[in-house]
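Fold and contact review
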Amino acid sequence: MERTKYFPGIDGLRGIAVIAIILYHLNPKWLPGGFLGVDTFFIISGYIITVILLREYNTDERIDLVNFYQRRIRRLIPALLWMIMIVLMYSMLFERQIVHQLKHDIVAALFYISNWFYIYDGLDYFQSLEVRPLQHLWSLAIEEQFYILFPVVLLWSMKRFEKMRIVQVIFGISLLSLLLMMILFDPAEGSARVYFGTDTRLQSMLLGVIFAFIWNPDRMKESIPSSTRHIVDVIGVVSLIVLSLSFYLLSDTSEVLFYGGLYGLGFVTLLIIGSVVVPGTWMASVVGHRSLVTVGQYSYSLYLWHYPAIVFMSMHYVKGQLPWFVYIGALIVTVVMAMISYHLIEEPFRKYGLKGLLVRIDTYKWTLLSMVITLLSSIGMWLFIDTTPKHVEKPKSTTHNLESYNQKKPSLDKLHEYEVFMLGDSVMVDIEDDLRKYFPHAYIDGEIGRNIYKAIPLIDEYQQFNTNDSVVVLELGTNGDFEQRHMEQMVNGFIDAKVILITTRVPKAYEKNVNELMKEAAASHDHITIVDWYKISEGHPEYFAPDGIHLQPTGAKVLSRAIKEEIAKRISE
């Protein structure tokens, strides 16, 4: 079969996508929408795979499925397996506390079901604070599931239906995928189900499939009128600007993405692809620049290695307050390991497969030796090193019970005749013991994972604290973004009380917005004041656990004292 034409611009676009993803994982504040690079990969995969399969079918009226799967295996699995084995060995030697969970993630990765396993395991891609160096493999799982099923479905369809009919059906399925995402998305519960689900992410790859039918580069003439190229370039440039702005302006809390935004950006990506595969366009030369193409050619290995490198380099520092050398070190490790993987593992196996390498053992002895050593070492460590975790029970919420509180209420020693009520998330759980030293009879309701969406329904339950002789402390900025209307609904629920809002420090892109909304609420409501934890904790990484959110004992004491002082100030007014 004749090889598919090579389009440097496609690799250049891959390069842009993987750079965006790496920047996002280094620090979401640098490029809040960098995670959208994954969708760019999805669309490119759908497009290129369909172009390849259509070319084969149009030439031979058949698709050699066995050959297709062999190529995919040689292309994807050796480099993935090598990375997993090295991550396992490193964890066994230096980070044994994560190995128990890592083993589960490895099994899911090897069967390409990581995305569904993370849904089952309750992992939230954007909010998770766990150290899971293989978390990024969810997207490869979706792609591999697509690679397994799509060629069979395409071959069956091509034998029975006209191409336009196939396109119509695929478009309909993509809309169903979009609709399912819109139905299942619930801001209060997070985006894990719709973000990880193959059924809800299929929309992106199917857009690439559709475009391969409509804008197939194999049918394009080498000589394109200059007027046509100019139009294509204008469309491509505008689309590239839109995609680039989306990387910068959107974030993981932009709800619009889950209500059609991802689908819309998919069309933008298609226009970029369309412009870079047209011969002689300015976009083809710019996006196909040698530097971007080089990054794109390494993109698979870069994607495999960047996340473990970032996780291992940063896990012993406070997130969001990493020293500069951690970022540099993570990038260096990523690039070095990606290059080794590409030249030592990925390319040799892609070209020759295992049998071919055995025939050429003199030339590729180091490739085979490295695979054998890492395989045997990782298996040995898996079997013989005890990695059973020590079970430490951590509180998931504060010890609150409204019925018990009300029964004891007549005997409470109220602080200057004020009742103190505190509502918060896991940070409130962290500081409960220190708070009770100041307010032994306060009613404290803190719960891990709580966000403002989960807190708003509790307003009615706690209306007994909406009185002139109550102080209400709200600490709700840790677990996700929100809008002004949510803030207004929350504080207006305690309009008669003295409300104190606690700003947040969280290494997420939404940190700035939620803190600004709290300050705006305090400025526009007489009954609200602020404990500016973001400002208080600035320059004090010793206050925080490595996740950059939860508190060490020192931090818990400082925050509790700040709350105590603000409450004392409010009740003396």
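Attention here is on the structure that accompanies the text. (Residues numbered from 1 in each chain as written. Predicted model: local features only at pLDDT ≥ 70, side-chain atom pairs only at ≥ 80, totals over all residues. Heavy atoms only, no water.)

1. Topic: the overall build of the protein chain
Per the secondary structure count, the protein chain includes 23 helices and five strands. In terms of C-alpha radius of gyration, the protein chain reaches 27 Å, essentially the compact-globule figure of 25 Å for 573 residues. Here the C-alpha coordinates of the protein chain stretch approximately 85 × 60 × 40 Å along the principal axes. Burial analysis of the protein chain (573 residues in total) assigns 56% to the buried set. Within the protein chain, counting contacts between residues at least 6 apart in sequence, those at least 24 apart form 78% of the total. For the protein chain, the exposed surface amounts to about 26,000 Å²; the carbon and sulfur share of it is 62%. Charged side chains of the protein chain number 51 positive and 58 negative; the gap between the two group centres comes to 9 Å. (Helix = DSSP H or I, 4+ residues; strand = E, 2+ residues; numbered from the N terminus. Rg over C-alpha atoms; globule rule 2.2 N^0.38 Å. Buried < 20%, exposed > 50% of the residue type's maximum accessible area, 1.4 Å probe, protein only. Contact = heavy atoms within 4.5 Å. Areas by Shrake-Rupley, 256 points an atom, 1.4 Å probe, with all protein chains shown as cover. Lys, Arg positive; Asp, Glu negative; His and termini not counted. Charge placed at Lys NZ, Arg CZ, Asp CG, Glu CD.)

2. Quick notes on helix H10 (residues 226-249)
Quick reminder: α-helices carry 3.6 residues per turn. Residues three or four places apart thus point the same way. Between its first and last C-alpha atoms H10 spans 34 Å; for 24 residues at 1.5 Å apiece the expected length is 34 Å, and the two agree. Every buried residue of H10 is listed here: Val-232, Asp-233, Gly-236, Ser-239, Leu-240, Leu-243, Ser-246 and Phe-247. Turning to H10, the residues buried within the fold contact helix H1 (8-26), helix H2 (37-60), helix H11 (261-276) and helix H12 (282-287). (Expected span 1.5 Å × (residues − 1).)

3. Brief notes about the pattern of salt bridges
What the rule picks out here adds up to 16 salt bridges. Notably, a salt bridge pairs Lys-437 with Asp-434, separated by 3.7 Å at the nearest N-O pair. Residue Lys-437 and its partner Asp-434 are located together in helix H18 (residues 426-438), separated by three residues, close to a single helical turn. For the salt bridge of Arg-450 with Asp-445, the shortest nitrogen-to-oxygen distance reads 3.1 Å. The exposure classification of Arg-450 matches that of Asp-445, with both residues buried. Counted as one network, the salt bridges with shared partners bring together Asp-105, Asp-121, Glu-130 and Arg-132. (Salt bridge = Lys/Arg side-chain N within 4 Å of Asp/Glu carboxyl O.)

4. Re the side chain of Ser-560
Assignment of secondary structure puts Ser-560 in helix H23 (residues 553-571). A polar contact of 2.7 Å, which involves the side chain of Ser-560, links it to the backbone oxygen of Ala-556. Ser-560 has contacts with Ile-431, Asp-434, Leu-435 and Tyr-438, leaving out every residue within four places of it along the chain. (Polar contact = N/O pair within 3.5 Å; in protein donor to acceptor, adjacent residues only side chain to side chain.)

5. Details of the packing of aromatic side chains
For the coordinates displayed, the defined rule picks out 41 aromatic pairs. Ring geometry for Trp-324 and Phe-325: centres 6.0 Å apart, planes at 80°, overall edge-to-face. A relative accessible area of 64% means that Trp-324 is categorised as exposed. The structure contains a cluster of three or more aromatic residues connected by ring pairs, namely Tyr-24, Phe-35, Phe-42, Phe-117, Tyr-118, Tyr-125, Phe-126, Trp-138, Tyr-195 and Phe-196. Its end group placed over the ring of Tyr-147, Arg-72 keeps NZ or CZ at 5.2 Å from the ring centre. Seen from the ring of Tyr-195, Arg-201 lies directly overhead, with NZ or CZ sitting 4.6 Å from the centre. (Phe/Tyr/Trp six-rings, centres within 6.5 Å; stacked < 30°, edge-to-face > 60°. Lys NZ or Arg CZ within 6 Å of the ring centre and 35° of its normal.)

6. Quick look at the packing of H1 against helix H13 (residues 290-297)
The geometry of H1 relative to H13 is characterised by a closest axis approach of 7 Å and an angle of 70° between their N-to-C directions. One element, H1, and the other, H13, form an angle in the roughly perpendicular class. Every residue of H13 that contacts H1 at Pro-8, Asp-11, Gly-12, Arg-14, Gly-15, Ile-16, Val-18 and Ile-19 is listed here: Leu-292, Val-293, Val-295, Gly-296 and Gln-297. Residue composition of the contact of H1 with H13, by class: seven nonpolar, four polar and two charged. (Axes fitted to C-alpha atoms, helices over the stretch in contact; angles between N-to-C directions. Parallel < 35°, antiparallel > 145°, perpendicular 65-115°, else oblique. Nonpolar A, V, L, I, M, F, W, Y, C, P; charged D, E, K, R; others polar.)

7. Regarding the environment of Asn-466
Position of Asn-466 among the secondary structure elements: in the loop between helix H19 (452-455) and strand E3 (470-475). Sequence-wise, Asn-466 and Asp-105 are 361 residues apart; in three dimensions their C-alpha atoms are separated by 46 Å. Sequence-distant contacts of Asn-466, that is, excluding residues within four places in its chain, are made with Gly-493, Phe-494, Ile-495, Asp-496 and Ala-497. Looking at Asn-466, its side chain comes within polar contact range of the main-chain nitrogen of Ile-495, at 3.1 Å. Reaching out from Asn-466, the side chain makes a polar contact with the backbone nitrogen of Asp-496 at a distance of 2.8 Å.

8. Here's the deal with the pairing of E3
Of all six residues making up E3, six are buried, and the element is well covered by its neighbours. Residues Ser-470, Val-472 and Leu-474 of E3 are buried on one face, and the alternating residues Val-471, Val-473 and Glu-475, pointing to the opposite face, are buried as well. Judged from the six bridges that link them, strand E1 (residues 419-424) and E3 form a sheet pairing that is parallel. Opposite Leu-423, over in E3, you have Leu-474 as the bridge partner. The pairing of E3 with strand E4 (residues 498-502) spans four bridges and is classified as parallel. (Pairing = 2+ DSSP bridges.)

9. Things to note about the pairing of E1
The side chains of a regular strand alternate between the sheet's two faces. With six of six residues buried, E1 is to be regarded as a mostly interior element. Burial along E1 is two-sided: Glu-419, Phe-421 and Leu-423 and Val-420, Met-422 and Gly-424, pointing in opposite directions, are all buried. Looking at chain direction, E1 and strand E2 (residues 443-446) are connected through four bridges and run parallel. Following the sheet pairing, Leu-423 is matched in E2 by Asp-445. The parallel pair E1 and E2, bridged by H18, forms a crossover whose chirality is right-handed. (Right-handed = clockwise from strand over helix to strand, strands pointing away.)

10. With respect to the layout of surface pockets
Rolled over the atoms, a probe with the dimensions of a water molecule shows which regions are left empty. If you add up the space inside the second largest pocket, you get close to 1,400 Å³. Contributing to the lining of the second largest pocket are 40 residues, with Arg-14, Ile-48, Ile-52, Arg-72 and Arg-75 lying nearest its centre. Those elements that place two or more of their residues in the lining of the second largest pocket are H1, H2, helix H3 (65-94), helix H6 (138-160), H13, helix H14 (299-314) and helix H15 (324-359). Residue contributions to the lining of the second largest pocket peak at eight residues, all from H2. Grouping the amino acids of the lining of the second largest pocket by side-chain chemistry returns 19 nonpolar, seven polar and 14 charged. (1 Å grid on protein atoms, 1.4 Å probe; cavity = no way out; pocket = protein on both sides within 12 Å on 5 of 7 lines; lining within 4 Å. Points joined across faces, edges and corners; volume = space filled by probe spheres on them.)

11. Thoughts on helix H5 (residues 114-121)
Among all positions of H5, only Ser-114, Asn-115, Phe-117 and Tyr-118 are buried. The arc enclosing the buried residues of H5, seen along the axis, measures out at 165°, which places them on a common side. Against the buried residues of H5 lie helix H4 (99-110), H6, helix H8 (192-196) and helix H9 (198-214). With its phi angle positive at about 75°, Gly-122 sits one or two positions after the end of H5. (Arc of directions from axis to C-beta.)

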